[in-house]
Amino acid sequence: MLLEDMEPIVQRFYDGVAEGKLLVRRCAECGAIEFPPHLGCNACGYHQTEWVELSGHGTLESFVVPGIQNDKPYLKAIAPYGYGKVRLDEGAEYSFVVFCGKKKVVKGLQERLYKDQEKIGVHFKPIRREVPLKQSSDELVEWWQPCFELDEVEA
Ligand SMILES: [Zn+2]
C-alpha cells in the first residue's frame, strides 16, 4: 500500500503513531477493543466504535529472532530486535517489531518466555522512517512505524 492511498481510519491511526499514541477503536456497545482499528465491533457486531488511546503497555506472548529472509537493514541500525506477539493491557493482541536493547537479551528471551513462563513487559515505541511517497518516485516522506520495546531496556 502507498501512503497516498491510505484510508481515513488508517491515516488517523498512523497520525497517532507519529504523535507517540497507540489509537484503537472501542465498541460503544460492549467496550471491546478493536486493534487494528475497525469501524465495527468484531466481538458483538455493533456498528459503532470510537477512538480511544491505549496505555501503550503490554506483555510479550511470543518472540522470534529474524532470519535472513525477514531481517530489515533499517531496523538493524537501531537495535537488536525480533518479532513478537504483544498482548496489550487492554486486551487486544498483535505482532510487532520488538526492540531488546542488548544482543544477549535477544538470545535468552525465548527460554524466559516458554521455559520459565516469565511475564515480560513491553511498551509502545514508534520509530521514524523515510519511505517513498509514490511508487515510481524518489521523493521520501516521513512515516512512523508502530514498534514495541522491552520494559527492561528503559529500567
Ligand atoms: Zn461490541
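Since we're looking at a predicted model, the values are computed, not measured. (Residues numbered from 1 in each chain as written. Predicted model: local features only at pLDDT ≥ 70, side-chain atom pairs only at ≥ 80, totals over all residues. Heavy atoms only, no water.)

**Student:** Looking at this model, I keep getting lost on helix α3 (residues 103-115). Mind explaining?
**Tutor:** Because each turn of an α-helix spans 3.6 residues, side chains separated by three or four positions end up pointing in the same direction. Over its 13 residues, α3 extends 19 Å from the first C-alpha to the last, a length consistent with the 18 Å expected when each residue adds 1.5 Å. Leu109 marks where α3 bends most, by close to 35°. Within α3, the full set of buried residues consists of Val105, Val106, Leu109, Arg112 and Leu113. Looking at the buried side of α3, the elements it contacts are β4 (57-64), β5 (81-88), β10 (148-150) and α4 (151-154). (Helix = DSSP H or I, 4+ residues; strand = E, 2+ residues; numbered from the N terminus. Expected span 1.5 Å × (residues − 1). Bend = angle between axes of the 7 residues up to and from the residue. Buried < 20%, exposed > 50% of the residue type's maximum accessible area, 1.4 Å probe, protein only. Contact = heavy atoms within 4.5 Å.)

**Student:** So what exactly am I meant to see when it comes to the environment of Arg12 here?
**Tutor:** Structurally, Arg12 is set in helix α1 (residues 8-18). Exposure remark for Arg12: the relative accessible area of 32% places this residue in the partly exposed category. On a C-alpha basis, the gap between Arg12 and Pro37 in space is 9.7 Å, while along the polypeptide they are 25 residues apart. Once residues lying within four places of it in the same chain are set aside, the contact partners of Arg12 are Leu23 and Trp51.

**Student:** Help me understand the sheet that holds strand β6 (residues 93-99) in this model?
**Tutor:** Two modes of strand pairing occur in sheets, parallel and antiparallel, and in both the strands are linked by backbone hydrogen bonds. Spatially, five strands are ordered β4-β5-β6-β10-β7 in a closed barrel, and the strand pairing comes out mixed. Taken over all neighbouring pairs, the strand axes of this sheet differ in orientation by 50° on average, direction set aside. Direction of pairing for β4 relative to β5: antiparallel, over a ladder of six bridges. In the sheet register, Val64 faces β5, and the bridge partner there is Tyr83. The sheet strands contacting α3 are β4, β5 and β10, and the helix crosses β4 at an angle near 100°. (Pairing = 2+ DSSP bridges. Axes fitted to C-alpha atoms, helices over the stretch in contact; angles between N-to-C directions.)

**Student:** Got a minute to help me understand the pattern of salt bridges in this structure?
**Tutor:** It is possible for side chains of opposite charge to pair when their charged atoms get near one another. Applying the stated rule across the entire model yields 11 salt bridges. Note that Arg87 and Glu61 form a salt bridge whose closest N and O atoms lie 3.6 Å from each other. Residue Arg87 is found in strand β5, and its partner Glu61 is found in strand β4; the two are separated by 26 residues along the sequence. For Arg87, a relative accessible area of 34% gives the class partly exposed. In this structure, the salt-bridge partner of Lys85 is Glu93, at a minimum N-O distance of 3.3 Å. (Salt bridge = Lys/Arg side-chain N within 4 Å of Asp/Glu carboxyl O.)

**Student:** How should the coordination of the zinc ion be read in this particular structure?
**Tutor:** Tetrahedral metal sites with four donors have an ideal angle of 109.5 degrees; octahedral sites with six donors have ideal angles of 90 or 180 degrees. Distances from the zinc ion to its protein donors, namely Cys27 (SG), Cys30 (SG), Cys41 (SG) and Cys44 (SG), fall within the range 2.3 Å. In this structure, the zinc ion is coordinated by four donor atoms arranged in tetrahedral fashion, with angles at the metal of 105 to 113°. Overall, Cys44 belongs to the partly exposed group, its relative accessible area being 42%. (Donors = N, O, S within 2.8 Å, 3.2 Å for Na, K, Ca; no water. Tetrahedral: all angles 85-135°; square planar, octahedral: opposite > 155°, others 65-115°.)

**Student:** Explanation requested: the sheet that holds strand β3 (residues 49-53) in the structure shown.
**Tutor:** Strand order in this open sheet of three strands is β2-β1-β3, and the pairing throughout is antiparallel. With one partner strand each, in any of the chains shown, β2 (33-34) and β3 form the two edges of the open sheet. With five bridges connecting them, strand β1 (residues 23-27) and β3 associate as antiparallel partners. By the bridge assignment for β3, Cys27 is matched with Thr49.

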